[in-house]
Amino acid sequence: MSATRDPRPLTGEPLALDLLNTRWNTGVVQDLLADTDGLAVWLASNGLAGAHPADAEVLRRLRTARDAVKAAVDGSPAQAAPLVDAVLAHGRIRARLTAGGHPAEEPEFADPAWGPAWLAARNYLELLTRGPDRIRACSGAHCILYFFDTSRNGTRRWCSMAACGNRAKASRHYARAKEN
């Protein structure tokens, strides 16, 4: 797998959801985080490649974060909170004043291998602050992707109108045509 080409059908979502989207269904569930080569692709796609190595330790911790965020998105917040909190326990935000006199916040990690995982878990909290009802799973019949609905009226249903949305419309059309 090339470190420059991201094979996933949906990229560009906020970091937490992009992490969930490292698994996708093409008839068989694919997993970008199956190995460190895929991790390198994910890190590069999210602008994290220079700051974090694509090694087994980072991969293991990122999978832990993915499982925690998935549990939070799909399940009960009470059950998922300890999982997300366990990832967040490995970092913190340090507030500081820049040389230009402006406030700044920087993430700090006791163990840098937790960096990408912590950033994704932290981003999930930010999405909850922005609009918890806008964190959605695609309505496509076999799709397992997630997105943050930024549509004006908040009615987006599919990860991609060109893919899942088109399939749903074609399926409805076929069903109507079959009835006639």
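Look up: the structure comes first, before these words.
First, a word on what this report is: a plain description of the structure on this page. (Residues numbered from 1 in each chain as written. Predicted model: local features only at pLDDT ≥ 70, side-chain atom pairs only at ≥ 80, totals over all residues. Heavy atoms only, no water.)

Right, let's get into the pattern of salt bridges. In total, this model carries 15 salt bridges according to the counting rule given. Arg23 is paired through a salt bridge with Asp67; the nearest N and O atoms lie 3.9 Å apart. Residue Arg23 is found in strand S1 (residues 23-25), and its partner Asp67 is found in helix H3 (residues 56-74); the two are separated by 44 residues along the sequence. Classification of Arg23 by relative accessible area gives partly exposed; the value is 27%. Measuring nitrogen to oxygen at the nearest pair gives 2.4 Å for the salt bridge that ties Asp74 to Lys70. Remark: Lys70 and Asp74 occur in helix H3; sequence separation between them is four residues, near one turn of the helix. Connected through shared salt-bridge partners, Arg92, Arg94, Arg96, Glu106 and Glu108 make up one network. (Salt bridge = Lys/Arg side-chain N within 4 Å of Asp/Glu carboxyl O. Helix = DSSP H or I, 4+ residues; strand = E, 2+ residues; numbered from the N terminus. Buried < 20%, exposed > 50% of the residue type's maximum accessible area, 1.4 Å probe, protein only.)

Right, let's get into H3. With 19 residues, H3 should cover 27 Å at 1.5 Å per step; its first-to-last C-alpha distance of 27 Å lies within 8% of that length. Among the residues of H3, Val58, Leu59, Arg61, Leu62, Ala65, Arg66, Ala68, Val69 and Ala72 are the ones counted as buried. The inward-facing, buried residues of H3 contact helix H1 (15-20), S1, strand S2 (29-31), helix H2 (36-45), helix H4 (77-88) and helix H5 (115-130). (Expected span 1.5 Å × (residues − 1). Contact = heavy atoms within 4.5 Å.)

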